[in-house]
Amino acid sequence: MTRSRVLVTGGAGYIGSETVRLLLEEGHEVVVFDDLSTGHRKAVPEAASFIRGRISDTPLMIEALAGVDAVFHFAANIEVAESVTDPKPFWWNNFVGTLTLLDAMVKAEVFQLVFSSTAAVYGNPPSDLVTEKMPLQPVNPYGESKLSAETLIADYCTAYGLCATSLRYFNAAGAAVGGKHGADHAHKTHLVTLCLEAAARRLPCLTIFGTDYPTPDGTCVRDYIHVADLARAHLAALSAFERGVQGSFNLGNGKGHSVREVVECVQKVTGVDFPVKEVARRPGDPAYLVASSGKALDLLGWKPCFPSLEQIVHDAWEWVRTHPKGYGSDI
Ligand SMILES: NC(=O)c1ccc[n+]([C@@H]2O[C@H](COP(=O)([O-])OP(=O)(O)OC[C@H]3O[C@@H](n4cnc5c(N)ncnc54)[C@H](O)[C@@H]3O)[C@@H](O)[C@H]2O)c1
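Now for a quick tour of the structure. (Residues numbered from 1 in each chain as written. Predicted model: local features only at pLDDT ≥ 70, side-chain atom pairs only at ≥ 80, totals over all residues. Heavy atoms only, no water.)

Details of the nonpolar core
Counting 37 residues, the largest nonpolar core has Val8, Ile15, Phe72, Leu167, Leu251, Leu300 and Trp302 as its most contacted members. Taken together, the elements giving at least two residues each to this core come down to β1 (5-9), α1 (14-25), β2 (29-34), β4 (70-73), β7 (163-169), α7 (227-241), β12 (247-251) and α9 (294-300). Among the elements that make up this core, the one with the highest residue count is α7 (10 residues). When near neighbours in sequence (up to four residues on either side) are disregarded, Leu300 contacts Leu167, Ala236, Ala237, Ala240, Arg243, Val245, Phe249 and Lys295. (Core = buried A, V, L, I, M, F, W, Y, C linked by side-chain atoms within 4.5 Å. Buried < 20%, exposed > 50% of the residue type's maximum accessible area, 1.4 Å probe, protein only. Helix = DSSP H or I, 4+ residues; strand = E, 2+ residues; numbered from the N terminus. Contact = heavy atoms within 4.5 Å.)

Some words on helix α10 (residues 309-322)
Helix length check: α10 (14 residues) gives 20 Å between terminal C-alpha atoms against 20 Å at 1.5 Å per residue, within 8%. Taken together, the buried positions of α10 are occupied by Leu309, Ile312, Val313, Asp315, Ala316, Trp317, Glu318, Trp319 and Val320. Summarising the contacts, the buried residues of α10 are in contact with β8 (171-173), α6 (191-199), β11 (224-226), β13 (257-258) and α8 (259-270). (Expected span 1.5 Å × (residues − 1).)

Things to note about the site of the ligand
In the vicinity of the ligand, 29 residues are found, and the nearest of them are Asp34, Phe74, Tyr142, Lys146 and His185. Contact distances for the ligand include 3.0 Å between a nitrogen atom and a backbone N or O atom of Ile55. A distance of 2.6 Å is found between an oxygen atom of the ligand and a side-chain nitrogen or oxygen belonging to Tyr142. Only α1, β5 (112-118) and α5 (141-160) provide two or more residues apiece to the shell around the ligand. (Near = heavy atom within 4 Å. Polar contact = N/O pair within 3.5 Å; in protein donor to acceptor, adjacent residues only side chain to side chain.)

A few points about the sheet that holds β12
Across the sheet, which stays open at both edges, the 7 strands sit in the order β3-β2-β1-β4-β5-β7-β12 with parallel pairing between neighbours. The two strands at the open ends of the sheet, each matched to only one other strand, are β3 (49-52) and β12. Strand-to-strand, the axes of this sheet are offset by a mean angle of 20 degrees, without reference to chain direction. Direction of pairing for β1 relative to β4: parallel, over a ladder of 4 bridges. Residue pairing for β4: Val8 is matched across the bridge by Phe72. (Pairing = 2+ DSSP bridges. Axes fitted to C-alpha atoms, helices over the stretch in contact; angles between N-to-C directions.)

Thoughts on the side chain of Thr9
Within the secondary structure layout, Thr9 lies in strand β1. Non-local contacts of Thr9, meaning those with residues more than four positions away in its chain, are made with Phe33, Ile55, Met61, Val71, Phe72, His73, Phe74, Ala75 and Leu101.

Side note on the pattern of salt bridges
Opposite charge on two side chains lets them pair, provided their charged atoms get close. Scanning the model with the defined rule gives 11 salt bridges in all. A salt bridge links Glu18 to Arg21, with the nearest nitrogen and oxygen atoms 2.8 Å apart. Residue Glu18 and its partner Arg21 are located together in helix α1, separated by 3 residues, close to a single helical turn. Taken as a pair, Glu18 and Arg21 share a single burial class, namely buried. Glu310 serves as the salt-bridge partner of Lys268, at 3.0 Å between the closest nitrogen and oxygen. In this pair, Lys268 sits in helix α8 while Glu310 sits in helix α10, placing the two residues 42 residues apart along the sequence. (Salt bridge = Lys/Arg side-chain N within 4 Å of Asp/Glu carboxyl O.)

Laid out in structure tokens, this is it:
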């Protein structure tokens, strides 16, 4: 692959910083652009340039884009439940922020973009195995804001010569292989993380919402994808631009695990039999959400290297066990 200079918005966050490390390993130059609202300066490797700023700061962004070949756009507000109670920052950051970034890119003549999208653009899909052809019907403002950003990006591709790929991640999980880096979100919402918090005795128990779904064990089934595989997909998308390939792609393992299976896996890997509480369903949780990633395999040549749930949990546990305070209060 051609060596590129890549600007990574949100490169101090969970998935962005993992991707920054991979870009550097593969010999690319990296500029991280992050306001540290949820990210951590310590997550950014020294070999990357770092600019602290908001994506909506157009003069600073245009300056940062000098000499850049491509943008990986991770910066966003990400908490689904918060998007329902307080949608305003989600629209400002995920939609308007993306609009200002696109304008800055066009002004700075940077025409390659890889965008972090999400399975939330599908809402409650009509089939267990989700393909890119399924209806896009988000059921919360987070998913709406991401879908609207995808639409905006597609329009910029048609009108202003942008090449862009939107990667729709399913359930991002795990940590850097070996556990040296990982997720450090103040408000923890992901199932694997919550189970690990329970295993580390930082949560009194793990709560299961709903045990009467039409699934083999009655709990919801999701597709957990290793963060290192998400990072690899970004590099695959970048090199696919050279072959004229762009578009929207699902990223998952194509295999689902129920909530109970995740709990059992975490108990096995950690050796901690933490307590579990079963309560009623939450509104808006589909029974199954599993990706068909055939399109990413065919067109990007991307296939997960770490599909095993045990490996995902193992790496995340190493991170949680060895970093009880995450990156610390170092920002
Ligand atoms: N974590 C998941 O399970 C998941 C699933 C699907 C999609 N995604 C998408 O992946 C991307 C990254 O998610 P994450 O889990 O790494 O989140 P994160 O919160 O760890 O990272 C987001 C980063 O963006 C920065 N940021 C936010 N707003 C900014 C702004 N206006 N200007 C500059 N920097 C800003 C934050 O400081 C942080 O470093 C997001 O776009 C998210 O929607 C995540």
